[in-house]
Amino acid sequence: MTGTVYLVGSGPGDPELLTVKARRLLDEADVILHDKLPGPDILAEIPDEKREDVGKRAHGEGTSQQYINERLVELARDGKTIVRLKGGDPTVFGRGGEEMVYLADHGVPFEVVPAVTSAIAGPEIAGIPVTHRDHASSVTFVTGHESPDKAESAVDWAALAATGGTIVVLMGVTRLPEYTAALVDAGMAPETPVAMVERASREGQQVATGTLSTIVDARDSVGIEPPALTVIGDVASTRERVVDFLTTTEAAR
Ligand code: SAH
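How each quantity is defined
- Throughout, a residue's number is its position along its own chain's written sequence, starting from 1.
- Under the rules for a predicted model, residues below a pLDDT of 70 receive no local features and side-chain atom pairs below 80 are neither given nor counted, while totals for whole chains, interfaces and linings still include all residues.
- To obtain the side-chain values, all non-hydrogen atoms of the structure were included, while hydrogens and water were left out.
- Whether a residue is near a molecule or strand is decided by its heavy atoms; if any one of them lies within 4 Å of it, the residue is near.
- Whenever two N or O atoms come within 3.5 Å, that pair is a polar contact, provided that in protein one can donate a hydrogen and the other can accept it, and provided that, for residues adjacent in sequence, both atoms are side-chain atoms.
- Using a 1.4 Å probe, accessible areas were evaluated by the Shrake-Rupley method; residue-level cover was limited to the displayed protein chains.
- Here a cavity denotes a set of grid points, spaced 1 Å apart and computed over the protein atoms alone, in which a 1.4 Å probe fits but from which it cannot get out, and a pocket denotes an open set meeting protein on both sides within 12 Å along at least five of seven lines; residues with an atom within 4 Å of a point are reported as lining.
- Criterion for pocket placement: a molecule counts as inside a cavity or pocket if more than half of its atoms are within 2 Å of its grid points.
- Classification used: nonpolar for Ala, Val, Leu, Ile, Met, Phe, Trp, Tyr, Cys and Pro, charged for Asp, Glu, Lys and Arg, polar for all others including Gly.
- Stacked, edge-to-face and tilted are the three classes for Phe, Tyr and Trp ring pairs, Trp counted by its six-membered ring, which pair at centre distances within 6.5 Å; planes under 30 degrees apart are stacked, over 60 edge-to-face, the rest tilted.
- Helix numbers and strand numbers start at the N terminus; a helix is a DSSP run of H or I with at least 4 residues, a strand a run of E with at least 2.
- We call a residue buried when its accessible area falls under 20% of the maximum for its residue type, exposed when it is over 50%, and partly exposed in between, using a 1.4 Å probe and counting protein chains only.

Caption draft 1: Seen up close, the site of the ligand. The environment of the ligand is made up of 18 residues, and the closest members are D89, V92, T117, S118 and A228. At 2.9 Å from a nitrogen atom of the ligand is found a main-chain nitrogen or oxygen belonging to A200. Within the backbone of A228, a nitrogen or oxygen atom sits 2.7 Å from an oxygen atom of the ligand. Surface burial for the ligand is 94%, taken as the share of its 550 Å² of free accessible area covered by protein chains. Judged by the fraction of its atoms near the pocket grid, the ligand is located in the largest pocket. For the shell around the ligand, the per-class residue count stands at eleven nonpolar, four polar and three charged.

Below, the structure written as structure tokens:
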């Protein structure tokens, strides 16, 4: 009998934000393939005999997606119950879509277990709603990993600037100077509020705030490092109105 693969999201890092289903599957799985993104608190709960860390190899490079795909199929053909654990939600910039198609192509039954994505939870834990009746009627999730200068860049920053909605950039710590400049070039006000949230819901959580023109300096003075996301839009100013009453402030953790 071929085993089943569960593509499971871990949420942003606080173990209490795991879904009930994720927790049950972590208990029931024979093998758990993971990288570092679920964070130390959740990874500490996985017994070593079930663990396969596919995030980094000894020489420091990420394990290839092809290896992960093949390993999932191999374990399933061994009849194992497998959890492929991913940070946040499994299909938001998580390559869950590629794994679904690969498993289907190889006749392996699977289930996707949705989760709390950092793209929404990160801002809200910092006191920023991604939509707001008065400020934003849409939200776009975008990767900041690509160079905005690249002719073939898949992200159209000028089009995003024109939406007037909230923009949440994942994987966008390093290229912050480039995409904030691209948005201003495309006509967004340099005073547009921006916040960066690092390690939302877990130890080391930090927030930097500013505007499209000041956020690079704020990032550097706070010392924001990955994993962190950037929220761009009027909603980002909500934080300063609520932060004193947020019981999840960084200081309280
Ligand atoms: N599937 C994940 C995203 C994977 S891409 C999700 O739904 O959340 C990896 C990026 O996610 C990181 O570069 C960072 O931008 C963001 N991220 C993940 N966990 C985070 C956290 N706890 N705090 C802030 N950003 C986080």
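Caption draft 2: Here's a closer look at the packing of aromatic side chains. Throughout the structure, instances matching the rule amount to one aromatic pair. When the centroid spacing of 5.1 Å and the interplanar angle of 10 degrees are considered together, the rings of W157 and Y179 count as stacked. Of this pair, W157 sits in helix 6 (residues 157-163) while Y179 sits in helix 7 (residues 176-185); the two residues are 22 residues apart in sequence, bridging distant segments of the chain. Its relative accessible area of 5% is what places W157 among the buried residues. We classify Y179 as buried; its relative accessible area is 0%.

As far as function goes, none of this settles anything; it's purely spatial.
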